[in-house]
Amino acid sequence: MSPHPPFGPKPRLGYTASIIERASGMRADTAALAALQNDSNARTYLIGGEMVALNRTANSHDPLFTLSQAQAFGPTAETIFIGLRHDAPRFARALEPKTAEALKAQPELLVTDLRSIAVKGLVDSEHLPPLAEAKALLGWHARHRFCPNCGAGTNVVEAGWRRDCPSCQFQHFPRTDPVVIMLPFSGDSRVLGRSYRFVNSMWSCLAGSMEPGETIEEAVRRETHEECGVVCGRVRYFASQPWPFPSSLMIGCHAEALSREIVIDRTELDDARWFERDEVAAMLMRHHPNELTTPPEVAIAYHIIRAWVEGEVEFG
Ligand SMILES: [Zn+2]
């Protein structure tokens, strides 16, 4: 097999490369925000927990609603200012769960989860980054109504980018939780694993949450060793991806394995083993004789794995 199989053009990494200007300087400007809300070009995304509301259009779906449309659907929880798209204001509103559920009955709408929207390409890809941003931020609001410091109810400020405690004055900022996701290598083979959550045929990179006090490299080595027993040395950063389930940042790496014996932590993984390049190329192209696959193109794991198969990973 050629070292550069014909995979076609590289797809965009899902949820990245937003074309919306965040305009963070406007978040604390109450008058400017009020004007933006009254702008006839203002549009909002509507998210209820895991669900996103979409307008059905002739050939596709549109995730943007006018503010009056959104208002008519019923009460919303938080409204956050996402930014500007060609000077048009973009907001995101949290739907109450029962409102989101009720919207499923409206024939002109599709209410579905963000993973399905991304994997099936239900909306123009320019909407995936702001949808991911909005889902992560609104999810944070839903889980931080009370001050973790003193227990009092907190108030939304800065157009949804902070919550303040009126009792102890603590300021709470939205959090992003770093997760390392890695492809350990030895010669021309790589370790892939299977989570119990995966469909039976899918294999992916190993992954795990970073712990306080760790560097990215240390987290890659610890998680790899914990999950499959392989000891790693050098670690190379590859790329990162917001992953709003609920609010992670996936930090993609390649890691040099110093040992080859696999010892699987069955509490974490269903299976893990070494794969050769030809087999993984077949998985990427969906030509594997046993129908094994990699994760879909929207996920960073696909891109980490493909970069190796295409010979793009340099470890000098
Ligand atoms: Zn407090």
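Residues numbered from 1 in each chain as written. Predicted model: local features only at pLDDT ≥ 70, side-chain atom pairs only at ≥ 80, totals over all residues. Heavy atoms only, no water.

(A) Region of interest: the coordination of the zinc ion. Protein coordination at the zinc ion: the donors are Cys147 (SG), Cys150 (SG), Cys165 (SG) and Cys168 (SG), at 2.2 to 2.4 Å from the metal. For the zinc ion, all donor residues lie on one chain, and their spacing in sequence is C-x2-C-x14-C-x2-C. Within this pair, whereas cysteine 147 is found in the loop between α5 (128-143) and β7 (155-157), its partner cysteine 168 is found in the loop between β8 (162-164) and β9 (171-172), the two being separated by 21 residues in sequence. (Donors = N, O, S within 2.8 Å, 3.2 Å for Na, K, Ca; no water. Helix = DSSP H or I, 4+ residues; strand = E, 2+ residues; numbered from the N terminus.)

(B) Structural context of empty space enclosed by the protein. Taken as a whole, this structure holds one cavity of 30 Å³ or more when the rule is applied. For the largest cavity, the calculated volume is near 40 Å³. Residue lining of the largest cavity: Ile19, Ile20, Tyr45, Leu64, Arg85, Arg90, Glu126, His127 and Pro130, and that is the complete set. For the lining of the largest cavity, the per-class residue count stands at five nonpolar, one polar and three charged. (1 Å grid on protein atoms, 1.4 Å probe; cavity = no way out; pocket = protein on both sides within 12 Å on 5 of 7 lines; lining within 4 Å. Points joined across faces, edges and corners; volume = space filled by probe spheres on them. Nonpolar A, V, L, I, M, F, W, Y, C, P; charged D, E, K, R; others polar.)

(C) Summary view of α5. Counted at 1.5 Å a residue, the expected span for α5 with its 16 residues is 22 Å, and the 22 Å between its end C-alpha atoms agrees. Among the 16 residues in α5, 14 count as buried, and that is most of the element. (Expected span 1.5 Å × (residues − 1). Buried < 20%, exposed > 50% of the residue type's maximum accessible area, 1.4 Å probe, protein only.)

(D) Focus on the packing of helix α7 (residues 277-284) against helix α8 (residues 300-309). Contact geometry of α7 with α8 gives a least axis separation of 10 Å together with a crossing angle of 130°. As judged from the angle between their axes, α7 and α8 are oblique. With respect to the hand of their crossing, α7 and α8 are arranged in left-handed fashion. Note on element contacts: α8 touches α7 through Tyr302, Ile305, Arg306, Trp308 and Val309, opposite Arg277, Val280, Ala281 and Leu284. (Axes fitted to C-alpha atoms, helices over the stretch in contact; angles between N-to-C directions. Parallel < 35°, antiparallel > 145°, perpendicular 65-115°, else oblique. Left-handed = near helix turned anticlockwise from the far one by under 90°. Contact = heavy atoms within 4.5 Å.)

Any link to function would need more than the numbers given here.
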